[in-house]
Each structure stands twice: as structure tokens, then as C-alpha cells.
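Observations on the model geometry
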Amino acid sequence: MRNGSVQHRPFFKVLIANRGEIALRVMRSARKLGLGVVAVYSDADRDALHVQQADQAVRVGEALPAQSYLNIAAIIAAAKASGADAVHPGYGFLAENEEFAQACKDAGLVFIGPSPQAIETMGNKAGAKEIMKKAGVPVVPGYQGADQGDEVMLAEAREIGFPVMIKAVAGGGGRGMRLVADANSFPEALRSARSEAKAAFGDPTVILERAIQNPRHIEIQVFGDSHGNAIHLGERDCSVQRRHQKLIEEAPSTAVTPDLRAKMGEVAVAAVKALRYEGAGTLEFLLDASGGFYFMEMNTRLQVEHPVTEAITGLDLVELQLRVARGESLPLKQQDIRFTGHAIEVRLCSEDAAQDFMPQSGRMARWQVPDGIRVEHALQSGSEIPPFYDSMIAKVIGHGATREEARGRLIVGLEQLTGFGVTTNQTFLMSCLRHPGFAKGEATTAFIGAHRDELLAPRADAAFDMALAGLLLYVTNPQAPSWRRGRSLAATFPLPAKIEIAGHALELEVWRERDGSYIVARDGRQDKFEIDQLDLDVIRFRHDGVMDSAKFLRDGDRLHLQRRGIPLAATDLTLAAPKAAASNGDGKVRAAMNGRVVAVLVKPGDRVTAGQPVMTLEAMKMEHVHKAGIDGVVAAIDVAEGEQVTTGRIVAEIGAE
């Protein structure tokens, strides 16, 4: 309760200050309550699905977040221009920015979230830890002092003891976070964390924490209202992460007992009441092997992973946000909360797991989601995935009576989902879900690091998929004879073909037998296929007595193929001209993705060795170091800091000594 009274705050039209799947998610609950919805968009999102499905949409600037989705004045102006009387920030961007919350309040808009004071108090990791310490909540030992000098930070890191975590004080989502193993690597990690934090949050300040080895990442979902009520909705286990960003989240956690849940929940609710907090929030903890838990931070917003909590509680968390923002009391007490079954969510990201999770952008040529499972997304066939925003493009959520049922449904859902045109982590996610360690509920934050090679290992039947790709390139060629069987079929001579898959050129032969079947031969292996059906996007075939099917998309010389949920892209090189030398051997450093140059680490005339960092690019809010491919002398730097570059552009040239 504030100022001794509770205000009724009616609103009728909500502007969603975000993009993508969360914008559509908020629209869904807002419309359920009879509210109008307004979208905002950058130049990069002019034709995005969240724009198409809103009642109104207002342009707020150019493509870069700082010029659009982080532009407070532009978003307030958009609300006024559209007649919106409330603003939902979603997550990311301005969701935890107290200045934005205050600007909404000053403009007479209802901010669907906590007060500016609560955001400021808990949004600062250092301040939040101090509050929790005073409240008796255990926190991770560390340094959160005002002196941010390089020497001071290094000395404090030594005092804490390596390994240490560097964390952006205003951060979230793994931005501005680095795990540092020793003092020698600390200075560059500190520079990189500050740079990423400045770009993502406008604040380069960081804190240091002792790195707790192999913990569980457990968070408690909380809600408070303007009447002084507070509840928790149980925990989520978010331990499976890469680059400190969550990939798989589930509820409940296999590591949390009912007694521990009650204890962590009590701590979380006490914090909410002490803050007089309104709306949705999450307290994040590290849970060690002995059951000890340590407060990390509080997220004063809706979480990406809120659907798993919705699945096991039956509640609509966005609807609760909207009702609390209107001044209503929470409609249920702690004793009313019931948990049913188990839910697991995976984050489908436009990234190449085999290339160190390098972000990918481009056109999603075909997008199909399965029936019978929850998929949160804002895509359709033909959607552009721009390089300026987070790489997460969809969330897939499996819910079942048991954890194993939820896991099974999620695997099947991923097998049936189709995304052709942009590389995603779909295969990697299925590998994680199928891994024995995850299946047993034993995954900690070390899971991906410990099992990376297993998770990225090629499938045992990868050679078969290559043969199937060769067959499809052959039979879908516009000049190819009909695949349909007839009485007077003539066998064809072996046709040599060359295809490229995952950067590797493969030579094979394809021919048709008199019985109408096809043979694909490579390296002494022969695969025989009988085609039963060949449509524009599906092939059904028999191989070794088994009927199977695959989805595909033929786009010129490019073929996208997916069998049993594993996507594969192949290019027909049969008539293609030889490619130029690979970038790792010709001395030219090329941009690995569309991105912005944030640091040039060498200058012309410098001697470098193979593997030495020469430039850092930022894409989808993450920094990526580009390294020299050969020993030599830097001959030229072809870009400037701050410049936006496209995939494949030469950014530096190294001449052999």
C-alpha cells in the first residue's frame, strides 16, 4: 500500500513497448480482458507479425534498439498518438528501467509493472544484495563497491578468489556477464563485460561474485498487489544455460523438496512485502549440492519462462499483471495455489550451436508449428529475423502429468516444428532433452559445458540424411524426369553430383533403377530409395523396408530438409564455380554474422599469430571475438568501431611475414 490509500487505475488500451513473441503474448491476455492493443516497431520490424496483429502500430525509430525500443521519448509519444492509457513493457529493452516507468507515470500512463522506486531498488544488483543481506537472506560473497578502477577490480577479484563472476550491475539475460578463471584473463574479460553492459543497458558498472561451482539456477515467481498482498507461485529450474543465458526451464525443479520450496517461497514473499512490491517479479537463487541457496538478483518484470509456471498452476500471469495494474487485489491466497504436473520450456534461438552458438539472421523461408503443444512465437513463412535483437525466436512448452511425459511431448513437438531458411538450435535442444543426465533431472549450470561434445555430436544416421539430400536435389530438379513409376521404365546412368552440407563438399552419384527405385552412392555406400509420394514440401519413401517421410524446401540450388526433427541444409554445387579460398587461410578476417564493430583490437603493422583476437563484433546483444587465421602482419583494418557490417564482409587483412 502506498501513501495510505489504494488507487483504482482503470485503462482501456494497452501499448506494448516490445516486439516479437512477448508482444503477441501480451496482446492475447489484454484482448481476453476486452482491452485494445497498440504495437510499436522499428524500421527493421515494419512488417513483423506483432505489427500486423495489433489494433494500431506506431513507428518509434530506426533498427538499432537505442534508436527505437530503448527510446523512451518515442514510446511515450507513441502512446499519446495512439490514445493508449497503459504501457506493458514485456521483458528486455525497457522492462526494468525505472526512468521509463517514471516517464509513463509522469505522462499519465499506467505502467504495468512495479513502481519506479522498486525497479530502481532491485534493478541494481549491488543494492539488491545489500537489501537481502539486511533481511537475513544468504547472498553470494563478492564486491559491489563504487570504485570501478581496473586495479581495484583486479585486487577485489583476487581477494574473493578465482574463479569469479563479473556481472553488469544493471544487467540481465547474461549480458555483461563473464566467468573468469584466473587473474591473467581478468582485464580483457572486464573490458568486454563493461562494453557489452554499456551497449545493452547504457551502464558499464559491474559487480564481482564468487563463482559457485555447478549450482542449480532456481527462481521463485512472486506477485504483489497495491493492497499489501503477496504470493509465490513456486520455483522454476533454469540451470541449462549457454553463455549464462537460459535455454531450458522447467517447473517444478527436481532438486527442490517441498520443505525447501516453502522456505525459499517464504523468503521471496517476505522480500515482496518489505518492498511493497506490485506486479510480477522473480527472485533468482543459486542452489548448491548441499541445499544451501544464495540470492543473486530480482527481476522486476515478467520472465521469458513464465509459461511453465502458467502450465502447472493454470494461471494467466499476464492477466494477473493487468489486473494488479488496474488496482485490483490478487484473486487468490497462498493456500489457493495448486501445482499440477510438470512443464518444460525450451528457447528456440536463431543461432548455430556448432559454431559456438553464433547468432544467425535472415529470412525464415518456411515456418510451421505443431498442433497440440504450446509454441510462443511471432513468425510466419517469409518473416525476416533481423540482426539487431535477441536471438530467441520462439518458445516451445511441454506439459504433462509427469516430468517424463512433459519431456516426451516436448521432444515430439520439436520434431514436428519446421523452420527453414535460418539456422536454429533445434537439433541442440533435442540433444539436451534426450541426454541421460537431463532425463534423470541431474542437470546443473555446468550441464552444457560438461557434455558439449556429446550434445553436438553428429547423428549416427547422418550419412543417410546426406544421401536423402542428394536424392531430393536430383528428383526436384526442374529438368529431372517424373519420379512416378510406369510400366516401361528405363534405368538411368549414374549422374555425378557435388553437394555442400555444413561447409563440407560431398561427391556422390545418383541413378534410377528399372524398378523405379533410386540409388544414391557415396564412398562405397549405396542407399536405395523407393518414392511413394513427392509433394511440394513432403517426401514419403521406403528404405530397407521402412517407410519414412521428410519435410523439405527447394529454393534454387539450396535445399532445406528435415527428417525426425533434425534440419539440414544442402547446396547443389554440381555446376557451381569453385569458391574462393577459405577465410581462415587467406589472411582475410570476415564477419561471421551481421553485426556492429564494438572493438578493433589491433592496428595496421601489428604482428599477430593465428588465433589471436583482432576484432569484436556485437550481434543480437552478444559480443563475438574474431581471430586471425594465420601468423602475419596486419595489412589493413577495413572497418571502424561502431560500423554495422554484413555476414562475410572483410573486416581485417593479414599478410604473411
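Residues numbered from 1 in each chain as written. Predicted model: local features only at pLDDT ≥ 70, side-chain atom pairs only at ≥ 80, totals over all residues. Heavy atoms only, no water.

This brings us to the overall build of the protein chain. A count of helices and strands for the protein chain gives 16 helices and 39 strands. Taking 657 residues into account, the globule formula puts the C-alpha radius of gyration at 26 Å, and the protein chain, at 27 Å, falls close to it. Among the 657 residues that make up the protein chain, the fraction classed as buried is 54%. Considering only contacts within the protein chain whose residues lie at least 6 apart along the sequence, 63% involve residues at least 24 apart. Total accessible area on the protein chain stands at roughly 27,500 Å², and carbon and sulfur atoms take up 49% of it. Charge separation in the protein chain, taken as the distance between the mean sites of 75 positive and 83 negative side-chain charges, equals 3 Å. (Helix = DSSP H or I, 4+ residues; strand = E, 2+ residues; numbered from the N terminus. Rg over C-alpha atoms; globule rule 2.2 N^0.38 Å. Buried < 20%, exposed > 50% of the residue type's maximum accessible area, 1.4 Å probe, protein only. Contact = heavy atoms within 4.5 Å. Areas by Shrake-Rupley, 256 points an atom, 1.4 Å probe, with all protein chains shown as cover. Lys, Arg positive; Asp, Glu negative; His and termini not counted. Charge placed at Lys NZ, Arg CZ, Asp CG, Glu CD.)

Before going further, it helps to examine the confidence of the model for the protein chain. Scored by pLDDT, the protein chain has a mean of 92; 96% of the residues are at 70 or more. Considering only residues more than four positions removed or in separate chains, one finds that residues 1–5, a stretch of pLDDT under 50, has nine contacts. A low-confidence stretch, residues 577–583 stays under pLDDT 50, and its non-local contacts, those more than four residues away or across chains, total six contacts. (pLDDT = per-residue confidence, 0-100.)

So, on to the packing of helix α3 (residues 72–82) against helix α4 (residues 98–106). When two helices pack together, their arrangement is given by the angle between the helix axes and by the axis-to-axis distance. The geometry of α3 relative to α4 is characterised by a closest axis approach of 10 Å and an angle of 30 degrees between their N-to-C directions. Accordingly, the angle class assigned to the pair α3 and α4 is roughly parallel. Taken as a pair, α3 and α4 cross one another with a handedness that is right-handed. Counting all contacts with α3, which are made through Ile72, Ile75 and Ile76, the residues of α4 involved are Glu99, Phe100, Ala103 and Cys104. The class makeup of the residues in the contact of α3 with α4 is six nonpolar, no polar and one charged. (Axes fitted to C-alpha atoms, helices over the stretch in contact; angles between N-to-C directions. Parallel < 35°, antiparallel > 145°, perpendicular 65-115°, else oblique. Left-handed = near helix turned anticlockwise from the far one by under 90°. Nonpolar A, V, L, I, M, F, W, Y, C, P; charged D, E, K, R; others polar.)

Looking now at the sheet that holds strand β39 (residues 650–655). Sheet strands line up and pair through hydrogen bonds in the backbone, either parallel or antiparallel. Taken in spatial order, the four strands make up an open sheet running β32-β39-β37-β34, and their pairing is antiparallel. Strands at the two margins of the open sheet, each flanked by one partner only, are β32 (588–590) and β34 (607–608). Of the pairings in the sheet, the one linking strand β37 (residues 632–637) to β39 comprises four bridges and is antiparallel in character. By the bridge assignment for β39, isoleucine 637 is matched with alanine 652. (Pairing = 2+ DSSP bridges.)

In this section: helix α9 (residues 258–275). The end-to-end C-alpha distance of α9 is 26 Å, a good match for the 26 Å that 18 residues give at a rise of 1.5 Å each. Turning to α9, its buried residues number three or more, namely Leu260, Arg261, Met264, Gly265, Ala268, Val269, Ala271, Val272 and Leu275. Down the axis, α9 shows its buried residues gathered within 160 degrees of arc, on one side only. Structural note: α9 exposes Asp259, Lys263, Glu266 and Ala274 on the side pointing more than 90 degrees away from its buried face. Looking at the buried positions of α9, the neighbouring elements they touch are α5 (116–123), α6 (125–134), β10 (216–224), β11 (230–242), β13 (279–287) and β14 (293–299). A positive phi of about 50 degrees marks arginine 276, the residue just after α9. (Expected span 1.5 Å × (residues − 1). Arc of directions from axis to C-beta.)

Here the focus is the sheet that holds strand β28 (residues 538–543). Ordered by their spatial adjacency, eight strands build a closed barrel running β24-β25-β26-β27-β28-β29-β30-β31, and the pairing between neighbours is antiparallel. Averaged over neighbouring strand pairs, the angle between their axes works out to 35 degrees when direction is ignored. Bridging between strand β24 (residues 495–501) and strand β31 (residues 566–572) involves three bridges; their strand directions are antiparallel. The residue bridging isoleucine 501 from the neighbouring strand is alanine 570, located in β31.

Right, let's get into the pattern of salt bridges. Inspection of the entire model under this criterion finds 53 salt bridges. With a closest N to O distance of 3.1 Å, aspartate 461 and arginine 459 form a salt bridge. Since its relative accessible area comes to 25%, aspartate 461 is described here as partly exposed. We note a salt bridge from aspartate 527 to arginine 525, for which the minimum N-O separation is 2.6 Å. Overall, arginine 525 belongs to the partly exposed group, its relative accessible area being 36%. (Salt bridge = Lys/Arg side-chain N within 4 Å of Asp/Glu carboxyl O.)

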